[in-house]
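Coordinate analysis (summary)
Each chain, written out:
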Amino acid sequence: MQPSHARRQNLSLALQALYSSGPMSRADLARSLGLTKVTVSELVTALLDRGHAIEVGRSTPGRMGKPSILVDVNRTGLQMIGLDLSDHRALHGAVLDLDGTVVARAQRPVLTDDSVIGDGSTAGPDYPAGPLGGERAVDLVLELVAECLALATAPILGIGIGTPGIVGSDGVVKTAPNLDWRDVPLRDIVASATNLPVSLCNDADAAAHADHTLGDGGDDLVLVKIGRGVGCGLIVGGRRVRGAHSAAGEIGHVVVGTDGGRRCRCGKVGCLETWVSAPRLEQAIAASTPDPADAAPHADDVPDAVTAAGERLAIALAPVVAALDLADVVLCGPAHVIVPALVESVERTLRARLFTVENATLRVRVVEDPNDIVVRGAAALVLLDQLGVS
Ligand SMILES: [Zn+2]
């Protein structure tokens, strides 16, 4: 290992220990990392010089002697910008501190024709055209970044962006039909406009980063993000899975079941997305809500289409969960479509299909802050890329 590489790794390990555990003395940090006090002192000095860590006071003195100075990650003295480009109504931006707390917000409305794309039918073989035009979408992103930078009240560690579509490791959006993007080098565009480090990933991947770094998620999870379509972010062994085509987790157009189904906007029949997307779930929930004019609706009526959607999702997820031995299945989407009947159906179907070992510790849960999860996840990606903290 190159000395510079070892040092960079040690700096990241020190930041990770402080980020996870909170303020520590240099001596405690040395113990927790298994490094000498001399090495850790030198690392801390470098982190203080960079502004990535700060001294935050003194510990209460123990019996043995004087109090020691505590060091912590510079949680509020640095800020990050997070962008969420996945909402078809508006592009969202936020300024966050290093704990992932949103301290300011901005947005740019996106005009759409909901009569075309909001009813969920998205009939025909073509994806609906983006409402913006690709160049206009890039301009809006740059405007949003500029507004967020103006709202920031501390030096910016970096800019994170969660975008719909498929994002290469080179920071190029390979394809994002909703924004009318194909091979757009968004990372470089934003970086050269701002002179700041920029991190870019798919919106479901960003959400998985948020759950892993800033939320409850363990090191082996799948996060299912339900919006106009459905996609997953996968964390395995503490690292996000990219895949051979940077498209890991793109399960929306996987055909589930062998019994037909509806024709999908991609042209196939029975894609997961024809059961599980926000518009489809809205339809299912509306169909299952009793008409108040009907006499005496049964209180225990199970919304069949919602249950079916949960089953299809679990059928698609079960082999993934088993193959990767995942511990967390996390559902993320608008609160009005992630209804209890859906979550129960996913969990019941998954448990019925999995081997006992996986079943024992499997958690199926819903994220608490679906509205902010992509901006927070984009910021978590900045933490990872700039500080090595996850
Ligand atoms: Zn499809």
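Bear in mind that the values here come from a model prediction, so they are computed numbers and not experimental data.

Considerations on the overall build of the protein chain
Counting its secondary structure elements, the protein chain contains 12 helices and 16 strands. Within the protein chain, contacts between residues at least 6 apart in sequence are counted, and of these 62% link residues at least 24 apart.

Here's the deal with the nonpolar core
With 100 residues, the main nonpolar core has Val222, Leu223 and Val224 as its most contacted residues. Broken down by element, the residue count for this core peaks at 11 residues, all from helix H12 (residues 373-387). Apart from the residues within four sequence positions on either side, Leu223 is in contact with Ala204, Ala207, Ala208, Asp211, Cys232, Gly233, Val330 and Cys332.

Re helix H1 (residues 3-21)
In this model H1 runs 27 Å from its N-terminal to its C-terminal C-alpha over 19 residues, within 8% of the 27 Å that 1.5 Å per residue would give. Where H1 is buried, its residues meet strand E1 (24-25), helix H2 (26-33), helix H3 (37-50), strand E2 (53-58), strand E3 (69-73) and H12. After H1 finishes, the residue Gly22 shows a positive phi value of roughly 90 degrees.

Quick notes on the confidence of the model for the protein chain
Residues with a pLDDT of 70 or more make up 89% of the protein chain, whose mean pLDDT is 89. Counting interchain partners and residues more than four positions distant, the pLDDT-below-50 stretch residues 113-130 has 25 contacts.

Here we look at the pairing of E3
Two strands pair when backbone bridges link them, and E1 and E3 are joined in this way by 2 bridges, in the antiparallel orientation. Among the inter-strand pairings, Met24 is bridged to a residue of E3, identified as Val71. Of the strand pairs in this sheet, E2 and E3 are connected by 5 bridges, and their pairing is antiparallel. Residue Ala53 lies in a different strand from E3, and its bridge partner there is Val73.

So, helix H6 (residues 186-194)
Three or more residues of H6 are buried, namely Leu186, Arg187 and Val190. Buried residues of H6 fall within an arc of 100 degrees about the axis and therefore sit on the same side. Elements in contact with the buried residues of H6: helix H5 (134-151), strand E7 (156-163), strand E9 (173-176), strand E10 (181-184) and strand E11 (198-202). Looking one or two places after H6, you find Asn195, whose phi comes out positive at around 60 degrees.

Describing the sheet that holds E10
Reading across the sheet, the 3 strands line up as E8-E9-E10 and stay open at both edges, with antiparallel pairing between neighbours. At either margin of the open sheet sits one strand with a lone partner, and together these are strand E8 (166-167) and E10. Examined bridge by bridge, E9 and E10 share 3 bridges and lie antiparallel to one another. Bridge pairing in E10 links Thr175 to Arg182.

Details of the packing of H5 against H6
For the pair H5 and H6, the least separation of the axes is 11 Å and the interaxial angle reads 40 degrees. Looking at the two axes, H5 sits oblique to H6. The handedness of the crossing between H5 and H6 is right-handed. On the side of H5, the interface is formed by Val138, Val141, Leu142, Val145 and Leu149, while H6 contributes Ile189, Val190, Ala193 and Thr194.

Considerations on the environment of Arg353
Inspection of the secondary structure puts Arg353 in helix H10 (residues 340-353). Residues Arg353 and Leu317, 36 residues apart in the sequence, show an inter-C-alpha distance of 9.9 Å. Apart from residues lying up to four places away in sequence, Arg353 is in contact with Ala314 and Ala318.

Quick notes on the packing of helix H7 (residues 203-214) against H12
Where H7 contacts H12, the axes come no closer than 7 Å and their chain directions differ by 70 degrees. It follows that H7 is roughly perpendicular to H12 by the angle criterion. Along its contact with H7, which presents Asp203, Ala206, Ala207, Ala208, His209, Ala210, Thr213 and Leu214, the element H12 presents Ile373, Val374, Arg376, Gly377, Ala378, Ala380, Leu381 and Leu383. Its residues assigned to classes, the contact of H7 with H12 comprises 11 nonpolar, 3 polar and 2 charged.

Remarks on the environment of Val343
Here Val343 shows up in helix H10. Judged by the 17 C-beta atoms lying within 10 Å of it, Val343 is partly exposed. Between the C-alpha atom of Val343 and that of Gly310, which follows or precedes it by 33 residues, the distance is 6.8 Å. Residues contacting Val343, with those up to four places away along its chain left out, are Leu331, Ile338, Val364 and Val366.

Description of the sheet that holds E3
Strand order in the open sheet made by the 3 strands is E1-E3-E2, with antiparallel pairing throughout. The outermost strands of the open sheet, each flanked by one partner alone, are E1 and E2. Sitting on the sheet, H1 is in contact with E1, E2 and E3, with an inclination near 95 degrees to E3.

Focus: the pairing of E7
Of all the 8 residues making up E7, 7 are buried; the element is thus mostly covered by neighbouring parts of the structure. When strand E4 (residues 79-84) meets E7, the two strands line up parallel, connected through 6 bridges. Its bridge partner being in E7, Ile81 is matched across the sheet by Ile159.

How each quantity is defined
- Residues numbered from 1 in each chain as written.
- Predicted model: local features only at pLDDT ≥ 70, side-chain atom pairs only at ≥ 80, totals over all residues.
- Helix = DSSP H or I, 4+ residues; strand = E, 2+ residues; numbered from the N terminus.
- Contact = placed C-beta atoms within 7 Å.
- Core = buried A, V, L, I, M, F, W, Y, C linked by C-beta atoms within 7 Å.
- Buried ≥ 20, exposed ≤ 12 C-beta atoms within 10 Å, placed from the backbone.
- Expected span 1.5 Å × (residues − 1).
- pLDDT = per-residue confidence, 0-100.
- Pairing = 2+ DSSP bridges.
- Arc of directions from axis to C-beta.
- Axes fitted to C-alpha atoms, helices over the stretch in contact; angles between N-to-C directions.
- Parallel < 35°, antiparallel > 145°, perpendicular 65-115°, else oblique.
- Left-handed = near helix turned anticlockwise from the far one by under 90°.
- Nonpolar A, V, L, I, M, F, W, Y, C, P; charged D, E, K, R; others polar.

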